[in-house]
Amino acid sequence: DGEDATNAISELLKFETFDIDFVSRGRRKEGLIFKTGYFFYKILFRLIIGKSISFGNYSIISPKVLSAIQNQRFLHYAAFLYKQKFDIKKIHFDRQKRIDGKSKMNHKGLVFHGLSSLMEYSEETLFFLIKFFLIMLFFVISLGGYVLYSKFILKNAVLGWASSVGSTIITICFLVISTVIIGLLLLSIKKYLVNNFKSYHEVR
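Residues numbered from 1 in each chain as written. Predicted model: local features only at pLDDT ≥ 70, side-chain atom pairs only at ≥ 80, totals over all residues. Heavy atoms only, no water.

Draft legend 1. Here's a closer look at helix α6 (residues 122-153). Helix length check: α6 (32 residues) gives 45 Å between terminal C-alpha atoms against 46 Å at 1.5 Å per residue, within 8%. Here α6 has its buried residues at Ser122, Thr125, Leu126, Phe128, Leu129, Phe133, Val140, Gly144, Val147 and Ser150. Backbone geometry just after α6 places Lys155 at a positive phi near 60 degrees. (Helix = DSSP H or I, 4+ residues; strand = E, 2+ residues; numbered from the N terminus. Expected span 1.5 Å × (residues − 1). Buried < 20%, exposed > 50% of the residue type's maximum accessible area, 1.4 Å probe, protein only.)

Draft legend 2. Seen up close, the sheet that holds strand β3 (residues 88-93). Taken in spatial order, the three strands of this open sheet run β2-β1-β3, and their pairing is mixed. The open sheet is flanked by β2 (55-61) and β3, the only strands paired with a single partner. Each neighbouring strand pair of the sheet contributes to a mean axis angle of 30 degrees, computed without reference to strand direction. Where strand β1 (residues 20-25) lies against β2, four bridges are found, and the strand directions are antiparallel. Paired with Ser24 across the two strands is Phe55, which belongs to β2. (Pairing = 2+ DSSP bridges. Axes fitted to C-alpha atoms, helices over the stretch in contact; angles between N-to-C directions.)

Draft legend 3. Spotlight on the nonpolar core. The biggest cluster of nonpolar side chains holds 22 residues, and the ones touching the most others in it are Phe45 and Leu81. Put simply, the parts of the chain that give this core at least two residues each are β1, α2 (32-49), α3 (63-69), α4 (77-83) and α6. For this core, the leading source of residues is α2, giving six residues. The contacts of Phe45, once residues within four sequence positions are left out, are Gly50, Lys51, Ile53, Ser117, Leu118 and Tyr121. Core analysis: the second largest hydrophobic core is formed by seven residues, Ala5, Val23, Ile91 and Phe93 among them. (Core = buried A, V, L, I, M, F, W, Y, C linked by side-chain atoms within 4.5 Å. Contact = heavy atoms within 4.5 Å.)

Draft legend 4. Quick peek at the environment of Pro63. Structurally, Pro63 is set in helix α3. The class for Pro63 is exposed, based on a relative accessible area of 69%. C-alpha separation for the pair Pro63 and Asp19, spaced 44 residues apart in sequence, amounts to 8.2 Å.

Draft legend 5. Molecular detail of the packing of α2 against helix α5 (residues 107-119). Close contact between α2 and α5 brings their axes to 11 Å; oriented N to C, the two are set at 15 degrees. In terms of orientation, α2 and α5 fall into the roughly parallel class. For the pair α2 and α5, the sense of crossing is right-handed. Contacts from Ile33, Phe34, Tyr41, Leu44, Phe45, Ile48 and Ile49 in α2 reach His107, Leu110, Gly114, Ser117 and Leu118 in α5. (Parallel < 35°, antiparallel > 145°, perpendicular 65-115°, else oblique. Left-handed = near helix turned anticlockwise from the far one by under 90°.)

Given below as structure tokens:
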């Protein structure tokens, strides 16, 4: 569709020794909604995984990498390669305006495409959810403890203290349930891939 700059190929071929070289995306020609969603997606990926992802399938890989991954199964090409223990380089090119036609991927498809990149980092995502749960747990317990301390120790009148403590317990329950469900979902998907595609494993 012409969105990937063809003059990036000559720059990619200049690397004589490399494992993987991605074309990092600069300015995009899509609409405001897509740009906004992509901006928050990169922030979310950075927050959860601890890495920045600003590239897609446009890349060049060495014969060594090709030999190592040719029998692998993955949900998201760029995220899959980014996770592996290879030497990775990036060059920067702006996205070009689409020559013809419209993208077949709607906003719903883009959301699931972004989530698939997190699936490649299922363990890291689960660890982030656990940390988030512990932070929220500490917050709600502290809030509930403060309410009880003010009511029974300081003897201060706390308007709606019962509802505050009750909402704290409900919040904790929702956090526990959501964390467990999301974590089990991610791990079950990874387990399914491992069990059904025996060649699926991290490339070292």
